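# Observations on the model geometry
Chain by chain, the residues:
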Amino acid sequence: MQEAIRTLKNWLAESDNIVFFGGAGVSTESGIPDFRSVDGLYNQKWKYPPETILSASFFARNPEEYYRFHREKLVIDGVKPNRAHLRLAELEAEGKLRAVITQNIDGLHQAAGSKNVLELHGSILRAHCARCRKPYSAERMNHGTGLPRCDCGGVIRPDIVLYEEPLDEDVMGRAIHYIRQAEVLIIGGTSLNVYPAAGLVRYYRGQRLALVNLSETPYDSFADLVIHEKIGEVFSQI
Ligand code: CNA
């Protein structure tokens, strides 16, 4: 595996057109559980499966239960970027990395200093009224009690893309653009199970696709380099 990490390090040294595409596994070393690992949210006890609670129809029907889950499971206080987030920010500052495309909603790439972050699924650090769309700070939504309400009486919701909702076309279009143009594409910490985001892999046209993920993914055979290790540990070596 050291050999594969060395190869990746060489690719990064040689390129100034690197793009990163990641998911929940990027933040597990910061203490945020992902969905599908053994200690992920899918394997924790809750009245409904996460993909049910995190759906638009559930939010509309049962916002109180949604908020119980949101505040208990999605909002984790005191989390900090780990070595993967920090190294990506560094590569951008060095003029080598063009964009971070993430499925995460935790804002940790920005906290690490990354500027060009495309959030495919939005962020729990922003909120708006589900009825009139007035923007709100996330503080009351994430840390208050009861249903956060807008002045208009509507329910305040996070700026995240819930299941059953389409992705933002502009963000998706920009993500496709960066992946198409990329020389080196690093995909990390994602099971590549959630569509349409996972389908982005298919837009890559280069010959240096590195996949860094603890477990196997449906795209392992598509990659030029596969590293099944913790992404923070890998990034501290590259
Ligand atoms: P997922 O389906 O839970 O997959 C995570 C993948 O990461 C798994 O294949 C793990 O093996 C792998 N993994 C876990 N820890 C590490 C690690 N330290 N190093 C390398 N690999 C690791 O999550 P996806 O992102 O693929 O699924 C997309 C969903 C999950 C998106 O809609 C996210 O919004 C959602 N999500 C986001 C967060 C977050 O913002 N931090 C947390 C939980 C879920």
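It should be noted that the structure appears before, not after, this text.
Report follows, based on the coordinates. All values reported here derive from a predicted model rather than from experimental measurement.

Glancing now at the pairing of strand β6 (residues 156-160). In terms of burial, β6 is largely enclosed, as four of its five residues are buried. Both strand β4 (residues 122-129) and β6 contribute to a ladder of five bridges, which runs antiparallel. Paired with H128 across the bridge in β6 is R157.

Turning next to unusual backbone geometry. At the junction of Y195 and P196, the peptide bond is cis and its omega measures out at 10° in the coordinates. At L192, a position not held by glycine, the phi torsion is positive, near 55°. Since its relative accessible area comes to 1%, L192 is described here as buried.

An ideal rise of 1.5 Å per residue puts 18 Å on 13 residues; helix α1 (residues 2-14) measures up with 19 Å between its terminal C-alpha atoms. Of all the positions in α1, only A4, I5, L8, W11 and L12 are classed as buried. Take α1 and look down its axis: the buried residues cluster within an arc of 115°, on one side only. Exposed residues on α1 whose side chains face more than 90 degrees from its buried face are E3, A13 and E14.

Definitions and limits used
- Residues numbered from 1 in each chain as written.
- Predicted model: local features only at pLDDT ≥ 70, side-chain atom pairs only at ≥ 80, totals over all residues.
- Heavy atoms only, no water.
- Buried < 20%, exposed > 50% of the residue type's maximum accessible area, 1.4 Å probe, protein only.
- Helix = DSSP H or I, 4+ residues; strand = E, 2+ residues; numbered from the N terminus.
- Pairing = 2+ DSSP bridges.
- Expected span 1.5 Å × (residues − 1).
- Arc of directions from axis to C-beta.

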